[in-house]
Amino acid sequence: MKPVAFEYCRPDTLGEALDILAERREAAAVLAGGMTLGPMLNLRMVRPKTVIDISRLAGLDRIELRGDRVVTGATVIQADALDSDVVRHELPLLALALPWVGHFQTRNAGTLGGSVAHADPSAEIPLCLVVAGATVVLRGKRRERRVAARAFFTGALSTVRQSDEMVVAIEWPRAPADSGCAFEEIAQRHGDFAIAAAGCELRLDGAGRLAGLSLGLGGVEDRPIAVDTGGFVGRPADAAAAKAIALYAAQSVDPMDDRGASADYRRALSQVLAERVVLRAAEAARQKGAVAR
Amino acid sequence: MSVRVAPEQKQRITLTVNGKVRSGLAEPRMLLTDFLRHELQVFGVHVGCEHGVCGACTILVAGRAVRSCTRYAVQMEGADITTVEGLADPGTLNVLQQAFVRHHALQCGFCTAGILLSATHFLAKNNAPSEAEVRDMLSGHICRCTGYVGIVAAIMDAAGTLRGG
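What counts as what
- Residues numbered from 1 in each chain as written.
- Chains lettered and ligands numbered in written order.
- Predicted model: local features only at pLDDT ≥ 70, side-chain atom pairs only at ≥ 80, totals over all residues.
- Helix = DSSP H or I, 4+ residues; strand = E, 2+ residues; numbered from the N terminus.
- Rg over C-alpha atoms; globule rule 2.2 N^0.38 Å.
- Buried ≥ 20, exposed ≤ 12 C-beta atoms within 10 Å, placed from the backbone.
- Pairing = 2+ DSSP bridges.
- Axes fitted to C-alpha atoms, helices over the stretch in contact; angles between N-to-C directions.
- Contact = placed C-beta atoms within 7 Å.
- Domains from an automatic or database assignment.
- Nonpolar A, V, L, I, M, F, W, Y, C, P; charged D, E, K, R; others polar.
- Expected span 1.5 Å × (residues − 1).
- Arc of directions from axis to C-beta.
- Core = buried A, V, L, I, M, F, W, Y, C linked by C-beta atoms within 7 Å.
- Parallel < 35°, antiparallel > 145°, perpendicular 65-115°, else oblique.
- Left-handed = near helix turned anticlockwise from the far one by under 90°.

Undergrad: I keep staring at the overall build of chain B and nothing clicks. Help me out?
TA: Scanning chain B from N- to C-terminus turns up five helices and six strands. Counting helices and strands in the order they occur from the N terminus, chain B gives β-β-β-α-β-β-β-α-α-α-α. Computed over C-alpha atoms, the radius of gyration of chain B comes to 16 Å, within 12% of the 15 Å expected from 2.2 N^0.38 for 165 residues, which places it in the range of a compact globule. Principal-axis analysis of the C-alpha atoms gives chain B an extent of 50 × 30 × 30 Å. Here chain B holds 165 residues, and 47% of them are scored as buried.

What follows is the structure, encoded as structure tokens:
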């Protein structure tokens, strides 16, 4: 339960951190809040030669409104995001999902970027990225690139990040003021890994029909997935639509089968959770519409 | 100043623990938990699972309840740490600790120090919590003796006292 010996680096600047990463590559691990890397180090599931501590780097811990986007730095602590007015108003899906992330004590240290870079299939924050259509900002020594969340996650604990790159920020589209959101998950125990999770963000037109619908599932496949809901746009946002969308979602997933849960159970949960989040998100959107009128 | 510490190299770490400036040596892989116990003799920090699950090692860093087993002493230069020893003067108990005694909120006591520190931060943020909120906060701690009923009652009671009610 103690890590292997490693070299510790705490660079002063992002440039310096990227230089060390470019030099060490796969032999390096990037440490921010340590809520995932810490356990993996202690259990010796990872044995890096070098640990690069970015938790004190200036500028990576900001939440900023930039035009039609919100940019959250990689080292924004989950508890700070939960307390942020910008997150509450502009990223309501993330605000609903954060209480499901770990526990009070782990959210006080864990970061948004750490969860995204780690890419656990059941993690809530990556699921929010996929549902919201967010973009991951990666920086290496010589280049910066932006990858859509739906292309970023490639499997369990796997992303398109190259070994000389670091997740430096997440760019989120600001949720439209009239959108409704919902997030739900099922775990053995609150704060444990989700067996299945669902997030939904939708908008209604003046007649109460679905004008836009984004639905995602986490913990079901080896990465957070977006359900292709295009065929349901234009339908009335009622209980029948929620049932139909949920059935479609459950039929379209290819669930994992492991000692945590069978594929059939995950498929069943996908349907139940999808129906709940679509109904709740529609209700939230209707309430916002009522307030606006 | 950038810091670089070789794998077997011992680095001097100076930080504040319970209001006193303390200093000790740590190689990079030394858990903060072990540093506090073995270098600084702060034995109120308990070692449970060592991978961030059980909550026994919970301390306050700059007032926030966090695990001390999933961070490393080398990270903590200049940090401000509170452990259970810092909650009250020696030989006395604070409001929260007194409530734990009254409600039989501990049996073996192994988890208690961590829970007291979590509850301290939690009540500082929200001095009128619901029972559900207290239970949600406690989901980050494992107690094998009490079944949590006394712990929840103690924290609710302490919240009332701290509000002046």
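Undergrad: Whenever I open this one, the sheet that holds strand β4 (residues 59–61) of chain B confuses me. Can you help?
TA: Residues and elements named next belong to chain B. Taking strand neighbours across the sheet as the criterion, the five strands line up as β3-β2-β6-β4-β5 in an open arrangement whose pairing is mixed. Two strands lie at the open edges of the sheet, namely β3 (20–26) and β5 (64–66), each paired on one side alone. Across the sheet, the mean angle from the axis of one strand to that of its neighbour is 40 degrees, orientation sign disregarded. Looking at chain direction, β4 and β5 are connected through three bridges and run antiparallel.

Undergrad: Would you explain the interface of chain B and chain A in this entry?
TA: Accessible area lost upon the coming together of the parts is a frequently used measure of interface size. Tallying the contact residues gives 30 residues for chain B and 30 residues for chain A. Listed by contribution, the elements that provide at least two residues to the side of chain B that touches chain A are β1 (3–5), β5, α3 (112–125) and α4 (131–138) of chain B. Where strand β1 (residues 7–10) of chain A lies against β1(B), three bridges are found, and the strand directions are antiparallel. Looking at β1(B), one finds that A:Tyr8 is bridged to B:Val5.

Undergrad: Can you walk me through the domain arrangement of chain A in this structure?
TA: Residue and element names in this part refer to chain A. In terms of domains, chain A is made up of domain 1 (7–53), domain 2 (63–173) and domain 3 (180–292). Placing a centre on the C-alpha atoms of domain 2 and another on those of domain 3 gives a separation of 20 Å. Listed per partner, the contact involves 24 residues of domain 2 and 21 residues of domain 3. For the side of domain 2 that touches domain 3, the secondary-structure elements that each account for two or more residues are α5 (92–97), α8 (124–132) and β8 (153–155). Looking at the side of domain 2 that touches domain 3 element by element, the count peaks at seven residues for α8. Of the residues in the side of domain 2 that touches domain 3, the class split is 16 nonpolar, six polar and two charged.

Undergrad: How should the domain arrangement of chain B be read in this particular structure?
TA: Residues and elements named next belong to chain B. Annotation of chain B at the domain level lists domain 1 (11–86) and domain 2 (95–162). Of note, the centres of domain 1 and domain 2, computed from C-alpha atoms alone, are 21 Å apart. Elements that contribute at least two residues to the side of domain 1 that touches domain 2 include exactly β4 and β5. Of the residues belonging to the side of domain 1 that touches domain 2, the class tally is seven nonpolar, six polar and one charged.

Undergrad: What am I meant to see in the environment of A:Pro176 here?
TA: Looking at the element boundaries, A:Pro176 is found in the loop between β10 (166–173) and β11 (180–187). Residues A:Pro176 and A:Leu91, 85 residues apart in the sequence, show an inter-C-alpha distance of 9.3 Å.

Undergrad: Honestly, helix α10 (residues 239–252) of chain A in this entry has me stumped. Any pointers?
TA: Residue pairs spaced three or four apart in an α-helix point in one direction, given the helix's 3.6 residues per turn. Residue and element names in this part refer to chain A. The terminal C-alpha atoms of α10, which comprises 14 residues, lie 20 Å apart, in line with the 20 Å expected from a rise of 1.5 Å per residue. Looking at α10, one finds that the buried residues are Ala-242, Ile-245, Ala-246, Ala-249 and Ala-250. For α10, the angular spread of buried residues about the axis comes to 135 degrees, placing them on one side. Those residues of α10 that are exposed and aimed more than 90 degrees away from the buried face are Ala-240 and Gln-251.

Undergrad: Before we go on, may I ask you to explain the sheet that holds strand β13 (residues 210–218) of chain A in this structure?
TA: Two pairing modes exist for strands in a sheet, parallel and antiparallel, and in both the strands are linked by backbone hydrogen bonds. Residues and elements named next belong to chain A. Pairing within the open sheet is antiparallel, and its four strands lie in the order β11-β12-β13-β14. Here the strands that pair on one side only, and so sit at the sheet edges, are β11 and β14 (225–227). This sheet shows a mean twist of 20 degrees between the axes of neighbouring strands, independent of strand direction. Bridge count between β11 and strand β12 (residues 194–204): eight bridges; the pairing is antiparallel. Across the sheet, Glu-184 pairs through a bridge with Ala-198, a residue of β12. Across the sheet, α8 is in contact with β12, β13 and β14; its angle to β12 comes to roughly 30 degrees. Taken strand by strand, α10 contacts β13 and β14, and its axis lies near 40 degrees from that of β13.

Undergrad: Could you clarify how one ought to interpret the environment of A:Ala249 in this entry?
TA: Residues and elements named next belong to chain A. Tracing the chain through its elements places Ala-249 in helix α10. For the pair Ala-249 and Ser-270, spaced 21 residues apart in the sequence, the C-alpha separation amounts to 7.1 Å. With sequence-adjacent residues up to four places away left out, Ala-249 is seen in contact with Leu-215, Leu-217, Val-227, Ser-270, Gln-271 and Ala-274.

Undergrad: How should I be thinking about the pairing of strand β7 (residues 144–148) of chain A in this particular structure?
TA: Side-chain direction in a regular strand flips from residue to residue, so the side chains alternate between the two faces of the sheet. Residues and elements named next belong to chain A. Burial within β7 is sparse, with just zero of its five residues counted as buried. Judged from the five bridges that link them, strand β6 (residues 135–139) and β7 form a sheet pairing that is antiparallel. Directly across from Val-136, in β7, lies its bridge partner Val-147. What sits between the antiparallel neighbours β6 and β7 is a turn of four residues.

Undergrad: Just to check I follow, could you spell out the pairing of strand β4 (residues 63–66) of chain A for this structure?
TA: All names here are of chain A. As paired strands, β4 and strand β5 (residues 69–73) are joined by four bridges and run antiparallel to one another. Following the sheet pairing, Glu-64 is matched in β5 by Val-71. Connecting β4 to the antiparallel partner β5 that follows it, the hairpin turn spans two residues, and Gly-67 within it adopts a positive phi of roughly 60 degrees.

Undergrad: I would appreciate a short explanation of the nonpolar core in the present structure.
TA: Note that soluble globular proteins tend to have their nonpolar side chains buried in a common cluster. All names here are of chain A. Leu-93, Ala-97, Cys-200, Leu-217, Ala-274 and Val-278 are the most contacted members of the largest nonpolar core, which has 150 residues in total. Here this core gets nine residues from one element, more than from any other, and that element is helix α11 (residues 263–292). Apart from the residues within four sequence positions on either side, Leu-93 is in contact with Cys-128, Val-131, Ala-132, Ala-175, Cys-181, Phe-183, Gly-199 and Glu-201.

Undergrad: Please clarify how the packing of α3(B) against helix α5 (residues 149–162) of chain B should be interpreted in this entry.
TA: When two helices pack together, their arrangement is given by the angle between the helix axes and the distance between those axes. Residues and elements named next belong to chain B. Where α3 contacts α5, the two axes come as close as 11 Å, and the packing angle between them is 40 degrees. By the criterion of interaxial angle, the relationship of α3 to α5 is oblique. The handedness of the crossing between α3 and α5 is right-handed. Here Ile-115, Ala-119 and Leu-123 of α3 come into contact with α5, specifically with Ile-151, Ile-155, Ala-158, Ala-159 and Leu-162. Split into classes, the residues belonging to the contact of α3 with α5 amount to eight nonpolar, no polar and no charged.

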